[in-house]
Amino acid sequence: MEEAKTCESCRYFRRHYVRIGNQRYMPLDAGHCVHPRLKNRTVKTPACQNYRGQKEQEACPLP
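Quantities reported herein were computed from a predicted structural model and do not represent experimental measurements. (Residues numbered from 1 in each chain as written. Predicted model: local features only at pLDDT ≥ 70, side-chain atom pairs only at ≥ 80, totals over all residues. Heavy atoms only, no water.)

### Focus: the pattern of salt bridges
Link 1 in the chain: Tallied over the full model, the rule gives 3 salt bridges.
Link 2 in the chain: For the salt bridge of Glu8 with Arg15, the shortest nitrogen-to-oxygen distance reads 3.5 Å.
Link 3 in the chain: Lys44 serves as the salt-bridge partner of Glu8, at 3.5 Å between the closest nitrogen and oxygen. Of this pair, Glu8 sits in the segment before β1 (13-20) while Lys44 sits in the segment after β3 (39-42), and the two are 36 residues apart along the sequence. (Salt bridge = Lys/Arg side-chain N within 4 Å of Asp/Glu carboxyl O. Helix = DSSP H or I, 4+ residues; strand = E, 2+ residues; numbered from the N terminus.)

Shown next as structure tokens:
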């Protein structure tokens, strides 16, 4: 089964967290995209044209 393409599964999405107590963090449904510029997003936002999966690797030209 193919995973849904949302911001949550994109390598450019940075999820926001809130600290609870001294050493515990709880993930929020909010975050931001870092490619090509900062944009506010949620975990369920549909993926944009810049989507790259967590496990996808970009082609690297040989030297």
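### A look at the sheet that holds β3
Link 1 in the chain: The strand order across the open sheet formed by 3 strands is β1-β2-β3, and the pairing between neighbours is antiparallel. On the outer flanks of this sheet lie β1 and β3, each paired with one strand and no other. Neighbour-to-neighbour, the strand axes of this sheet turn through a mean angle of 45°, independent of strand direction.
Link 2 in the chain: Taken together, the 7 bridges between β1 and strand β2 (residues 24-33) define a ladder with antiparallel strand orientation. Within β2, the residue paired with Phe13 across the bridge is Cys33. (Pairing = 2+ DSSP bridges. Axes fitted to C-alpha atoms, helices over the stretch in contact; angles between N-to-C directions.)

### Some points on the state of the cysteines
Link 1 in the chain: Inspection of the entire model under this criterion finds 0 disulfides.
Link 2 in the chain: Summary of cysteine pairing: Cys10 is not part of a disulfide, and the nearest cysteine sulfur, belonging to Cys33, is at 5.9 Å.
Link 3 in the chain: Cysteine Cys48 remains unbridged, with the sulfur of Cys33 as its closest cysteine sulfur at 5.4 Å.
Link 4 in the chain: By relative accessible area, Cys48 is classed as partly exposed at 31%. (Disulfide = S-S within 2.5 Å. Buried < 20%, exposed > 50% of the residue type's maximum accessible area, 1.4 Å probe, protein only.)

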